[in-house]
2 protein chains.
Amino acid sequence: MSNGVDSTNAPRAVVLLSGGLDSATCVAIARDQGFEVHAISFRYGQRHNGELDRAAKQAQLMQVASHRIIDIDLAQLGGSALVDSSIAVPKSDHVDKIAGDIPVTYVPARNTIFLSYALAVAEVLGSRDIFIGVNALDYSGYPDCRPEFIDAFQTMARLATKAGVEDEQSLSIHTPLLHWTKAEIIQRGIELGVDYSQTLSCYDPQGVGEDTRPCGQCDACLLRAKGFAENEIADPALS
Amino acid sequence: MSNGVDSTNAPRAVVLLSGGLDSATCVAIARDQGFEVHAISFRYGQRHNGELDRAAKQAQLMQVASHRIIDIDLAQLGGSALVDSSIAVPKSDHVDKIAGDIPVTYVPARNTIFLSYALAVAEVLGSRDIFIGVNALDYSGYPDCRPEFIDAFQTMARLATKAGVEDEQSLSIHTPLLHWTKAEIIQRGIELGVDYSQTLSCYDPQGVGEDTRPCGQCDACLLRAKGFAENEIADPALS
């Protein structure tokens, strides 16, 4: 298959795009597989907007067919350090010190809500393919990143939709990064031409807009640094 | 168990409250089962706001512990007569003429999105019980009202959350109306003291605010009329 972005007959895929390293790689993979990519991002009361700036930049660099930014108010629910500024983001000096249990950066039901909107967009666009860059290996221990969650969501989604009534195998949730290390994700992304200088993975970045810089000490920063180190290349977002 | 509304030790339930007949009955049932009720409603680009006025009224009449109205923009997705004024709501003169296939009033992934928010609220409140007034008998043929959809959502929800990581039986989606006729729903609601004069079931009501009146000819109006007729009582919302 061709890269398919401009091909009118390409099947459509809805791809969750956060502006981080994983989702940018996910867009590149969906495009490489011949899908016409329709990206969606969420403004959900993040502590910073640098992430959405990067999402818009990636959408442009990857020439996606459409990019929706959907406003949802998870902040009013509270309960997570990522949307509640009264809860501190944990910091550490080494990736091996990331705690094994569910961290305070977990946002209640976030991926469930994100995937539900993706499902609605897919149904409206006549798409049967949703891509999400979750990862079960180098990840922070969120319950809604686990393979069994994704499988269960797919089963539910097939039953939830018109397409599912007509064809029970109708809809697929693609998780190409699920079993890859961060180093493998970066390696594949570089092969596909992802510009990682325009991605932001940090849970607690400093500065605003295009000047946003990662903190270097949260789980996401530590995992990202490990991935670039294992590829023996410098993180272009830090140069 | 007592009605439990003011009891501090009552378990919390999140109840989806639309302002229609079914969800009002659902609140009464959750309360009767001893739950402290936390109601949630959605402003999702409905053609009218009379529904939300009734939801607020029901929340007050039923003395719920909290009532959240969450803004979500399904209208920007399009694709349904309920949120897209360019698509006409089908009208008929008799309930038996309701078409068997999925109607144009279906909103893509609506119940999936609604239940996902309910899941987030439940997680924040420490609740393990969600009530939704879906009905698989006297209903309009939406795929996301079917029992197999609800079962699949519950399975997914248990895997999505912190509670589910600790206890796989953690979370229940209650659907007390699932196998009842509209007449049975109304009968139970009257036993529990539901004030049906303050409910609105119509897909295409006329007027605004408290003066909103049902059209009498959409699927929802026809099913409601049949339910009251079978109980041999007049619909108090029409008096």
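Treat the numbers as computed from the prediction; the structure is a model and nothing was measured. (Residues numbered from 1 in each chain as written. Chains lettered and ligands numbered in written order. Predicted model: local features only at pLDDT ≥ 70, side-chain atom pairs only at ≥ 80, totals over all residues.)

Undergrad: What should I look at first to understand the UniProt feature "binding site: Zn(2+)" (unreviewed entry) in chain A in this one?
TA: All names here are of chain A. Per the UniProt annotation, the sites labelled "binding site: Zn(2+)" (unreviewed entry) are Cys202, Cys215, Cys218 and Cys221. Considering the C-alpha atoms alone, the annotated residues occupy 20 residues of sequence yet fold into one spot, their largest mutual distance being 7.1 Å. In this structure, Cys202 sits in the loop between α6 (182-191) and α7 (219-230). Residue Cys202 is classed as buried on the basis of its 24 C-beta neighbours within 10 Å. Each residue touching Cys202, except ones within four places of it in the same chain, is listed here: Pro214, Cys215, Cys218, Ala220 and Cys221. Inspection of the secondary structure assignment puts Cys218 in the loop between α6 and α7. (UniProt positions renumbered as here; feature names shortened; annotations may be inferred. Helix = DSSP H or I, 4+ residues; strand = E, 2+ residues; numbered from the N terminus. Buried ≥ 20, exposed ≤ 12 C-beta atoms within 10 Å, placed from the backbone. Contact = placed C-beta atoms within 7 Å.)

Undergrad: Even after reading the chapter, I still don't get the sheet that holds strand β2 (residues 36-43) of chain A, so can you show me in this structure?
TA: Each strand in a sheet pairs with its neighbour through backbone hydrogen bonds, running either in the same direction (parallel) or in the opposite one (antiparallel). All names here are of chain A. As summarised here, the arrangement of the 5 strands in space is β3-β2-β1-β4-β5, forming an open sheet in which the pairing is parallel. A single partner strand is all that each edge strand has here, and the edge strands are β3 (66-71) and β5 (172-174). When the angles between neighbouring strand axes are averaged without regard to direction, this sheet yields 25 degrees. With 3 bridges connecting them, strand β4 (residues 129-131) and β5 associate as parallel partners. Along β5, the bridge assignment pairs Phe131 with His174. Here helix α1 (residues 21-32) sits on the sheet and contacts β1 (12-16), β2 and β4; the angle it forms with β1, its principal contact strand, is near 170 degrees. (Pairing = 2+ DSSP bridges. Axes fitted to C-alpha atoms, helices over the stretch in contact; angles between N-to-C directions.)

Undergrad: What am I meant to see in the UniProt feature "binding site: ATP" (unreviewed entry) in chain A here?
TA: Residues and elements named next belong to chain A. UniProt tags Leu17, Ser18, Gly19, Gly20, Leu21, Asp22, Ser23, Ala24, Thr25, Cys26 and Val27 as "binding site: ATP" (unreviewed entry). Residue placement: Ser18 occurs in the loop between β1 and α1. Those residues in contact with Ser18 that sit more than four places away from it in its chain are Ser23, Ser41, Glu51 and Ala55. Along the chain, Leu21 turns up in helix α1. The class of Leu21 is buried, set by 27 C-beta atoms lying within 10 Å. With residues near it in sequence (within four places) discarded, Leu21 still touches Ile185, Tyr196, Thr199, Ser201 and Arg224.

Undergrad: Please explain helix α6 (residues 182-191) of chain B as it appears in this structure.
TA: Counting along an α-helix, one turn takes 3.6 residues, and residues three or four places apart therefore face a common direction. All names here are of chain B. Among all positions in α6, only Lys182, Ile185, Ile186 and Gly189 are buried. Buried residues along α6 cover an arc of 95 degrees about the axis, so they all sit on one side. Looking at the buried side of α6, the elements it contacts are α1 (21-32) and α7 (219-230). Within two residues after α6, Gly193 carries a phi angle of roughly 80 degrees, on the positive side. (Arc of directions from axis to C-beta.)

Undergrad: Can you help me understand the pairing of β1(A) in this one?
TA: In the case of a regular strand, side chains alternate between the two sheet surfaces. Residue and element names in this part refer to chain A. Buried residues dominate β1, accounting for 4 of its 5 residues. Where β1 and β2 come together, 5 bridges link them in parallel fashion. For Arg12, the partnering residue across the bridge sits in β2 and is Glu36. Bridge count between β1 and β4: 3 bridges; the pairing is parallel. When the sheet's bridge partners are listed, Ala13 is paired in β4 with Asp129.

Undergrad: What is the right way to read the environment of B:Cys218 from this model?
TA: Judged by the 24 C-beta atoms lying within 10 Å of it, B:Cys218 falls in the buried class. The sequence separation of B:Cys218 and B:Cys202 amounts to 16 residues, and the corresponding C-alpha distance is 6.8 Å.

Undergrad: What am I meant to see in the packing of helix α3 (residues 110-125) of chain A against helix α3 (residues 110-125) of chain B here?
TA: The axes of two packed helices give the description: the angle between them and the distance between them. Following both chains from N to C, one finds α3(A) and α3(B) inclined at 170 degrees, their axes separated by 9 Å at the closest point. Relative to α3(B), α3(A) is oriented roughly antiparallel. Where α3(A) approaches α3(B), its residues A:Thr112, A:Ile113, A:Ser116, A:Tyr117, A:Leu119 and A:Ala120 are matched on the opposing element by B:Thr112, B:Ile113, B:Ser116, B:Tyr117, B:Leu119 and B:Ala120. (Parallel < 35°, antiparallel > 145°, perpendicular 65-115°, else oblique.)

Undergrad: Where do I start with the sheet that holds strand β1 (residues 12-16) of chain B in this structure?
TA: Residues and elements named next belong to chain B. Sheet architecture is open: 5 strands sit in the order β3-β2-β1-β4-β5, paired in parallel fashion. The two strands at the open ends of the sheet, each matched to only one other strand, are β3 (66-71) and β5 (172-174). Each adjacent strand pair in this sheet contributes to an overall mean axis angle of 25 degrees, direction not counted. Relative to β3, strand β2 (residues 36-43) runs parallel, the two sharing 6 bridges. In the strand pairing of β3, Ala39 is matched with His67. The sheet contacts of α1 involve β1, β2 and β4 (129-131), and relative to β1 the element is tilted by about 170 degrees. Contacting β2 and β3, helix α2 (residues 50-61) crosses the sheet at an angle of about 170 degrees to β2.

Undergrad: What is the right way to read unusual backbone geometry from this model?
TA: With the exception of glycine, most residues fall at negative phi, and the peptide bonds are largely trans. All names here are of chain B. The phi torsion at Gln63 lies on the positive side, around 50 degrees, for a residue other than glycine. Residue position: Gln63 is located in the loop between α2 and β3. Overall, the presence of 12 C-beta atoms within 10 Å leaves Gln63 in the exposed class. With a phi angle near 55 degrees, Glu232 is a residue other than glycine that sits in the positive phi range. Its 7 C-beta neighbours within 10 Å are what place Glu232 among the exposed residues.

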